[in-house]
Amino acid sequence: MSYDADVIVVGAGLAGLVATAELVDAGRSVILLDQEPEQSLGGQAHWSFGGLFLVDSPEQRRMRVRDSHALALQDWLGTAGFDRPEDHWPRRWAEAYVDFAAGEKRAWLHARGVRFFPVVGWAERGGYDANGHGNSVPRFHITWGTGPGLVAPFARRVREGAARGLVRLRFRHRVTGLGRTAGALDTVTGEILEPSSAPRGTATGRAVTVSFALRAQAVIVTTGGIGGNHDLVRAQWPARLGTPPARLLSGVPAHVDGLMLGIAEQAGARHINRDRMWHYTEGIENWNP
C-alpha cells in the first residue's frame, strides 16, 4: 500500500499551518491543501487582531493583573455552561487548553518568534467577578503585527519544510470527499479549481479543471468556518433566538463556506452543539445605520 505523504492537512489557515509546522518538526511528510490561492495563506487569522488567551503572564503581572489557572478555568466553565451529554470532550479540551495557556503556551509561542504588545486587553469581558460569563480579568494578549504577525512564523516554518521536501503546498484544491481503507480514514478526494490572482479576501473563481485523489496515513481537517454560507448559518440558528433574519451581514469572504463540516460528518465525524457556534462578525443590519 503506497501513500502520497505521511499526513494530509486540509486547510491552510492558522490551525493548518501550525499542524503542518509541528509535523515537519517531527520529521513527517505533509501535503497541505487549500481551496484558495497562495495569496490567501493563513486564512481568516490574517485579518484578526492577533489576540491570544494567556494566563498569569508577565504582561499581566506588569499591569498588576492577578490571574491564576484556577480563576481562568472557573471563568471558562462559567462561560461555557457545559450541560449536555456531548459536552464531555469539550470540557476535557477546555481543561487542557487552560493548562496550556497557564503553562508552556507563551514560551512555546515566543520560541517560534511570536512577540506581544505590553498592554493586555479585556476582550469577552464578564461581569467583573468570577461567577458568570466572560473573563473576570484581562487575558487578551495582542501579538506584535496583529494577525499577520501571528501567521508569519508558522507560514515561514511551513515554507522551510517545503524547501526541505517535507511539505507540498497544494492551493486551489477543494476537498469534496474523505474515504477509508480497511476502516482507516486515509483518502482525500476533490477538485482542482482554476488558478486565481484575486487579492486576499476577494472572490475567486469556482471553475473546475480536474479532479484529484490523495492518500496518507493520517488526515487532519483544520477548516470549518461557516460565516460566508448564510444558508448554513440559518440551518444552525439557535431556536432560542427565533426565526433567523432574511438578510444577514458577513464579515468573511464567501469561501468560508463550512462545507468541510458536512464532508467530515459523512466520513464519520461527530458534529455537536451546532446551535452554540459563535458566528463571529456575522449579524443583522443596524436598525439605524
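Keep in mind the model is a prediction, meaning the values are calculated, not measured.

A. Representation of the pairing of strand E6 (residues 173–181) within the structure. Direction of pairing for E6 relative to strand E7 (residues 184–193): antiparallel, over a ladder of 8 bridges. Note on E7: the bridge partner recorded for Arg174 is Glu191. Between E6 and E7, which pair antiparallel one after the other, the connecting turn spans 2 residues, and Ala182 there sits at a positive phi close to 50°.

B. Focus on the pattern of salt bridges. If you walk through the whole model with that rule in mind, you get 17 salt bridges. Linked by salt bridges that have partners in common, Glu22, Asp25, Arg112 and Arg157 make up one network.

C. Main features of the sheet that holds E7. With mixed pairing, the 6 strands of this open sheet are ordered in space as E5-E2-E1-E8-E7-E6. Two strands in the sheet have a free side with no partner beyond their single neighbour: strand E5 (167–171) and E6. Each strand of the sheet is rotated relative to its neighbour by a mean of 30°, with strand direction disregarded. Here strand E2 (residues 30–34) pairs with E5 via 5 bridges, running parallel. Note on E5: the bridge partner recorded for Leu32 is Leu169. Of the strands in this sheet, E2 and E5 are in contact with helix H6 (residues 146–163), which crosses E5 at around 115°. Relative to E6, helix H8 (residues 259–266) is tilted by about 10°, and along the sheet it contacts strand E1 (5–10), E6 and strand E8 (208–221).

D. Structural detail: the packing of aromatic side chains. Within this structure, the stated rule accounts for 10 aromatic pairs. An angle of 10° between the planes, with centres 5.0 Å apart, marks the rings of Trp93 and Tyr97 as stacked. Of this pair, Trp93 and Tyr97 both sit in helix H4 (residues 88–102), 4 residues apart, roughly one helical turn. Owing to a relative accessible area of 23%, Tyr97 belongs among the partly exposed residues under this scheme. Through a chain of ring-to-ring contacts, three or more aromatic side chains come together here, namely Phe53, Trp76, Trp93, Tyr97, Phe100, Trp108 and Phe154.

What counts as what
- Residues numbered from 1 in each chain as written.
- Predicted model: local features only at pLDDT ≥ 70, side-chain atom pairs only at ≥ 80, totals over all residues.
- Heavy atoms only, no water.
- Pairing = 2+ DSSP bridges.
- Helix = DSSP H or I, 4+ residues; strand = E, 2+ residues; numbered from the N terminus.
- Salt bridge = Lys/Arg side-chain N within 4 Å of Asp/Glu carboxyl O.
- Axes fitted to C-alpha atoms, helices over the stretch in contact; angles between N-to-C directions.
- Contact = heavy atoms within 4.5 Å.
- Phe/Tyr/Trp six-rings, centres within 6.5 Å; stacked < 30°, edge-to-face > 60°.
- Buried < 20%, exposed > 50% of the residue type's maximum accessible area, 1.4 Å probe, protein only.

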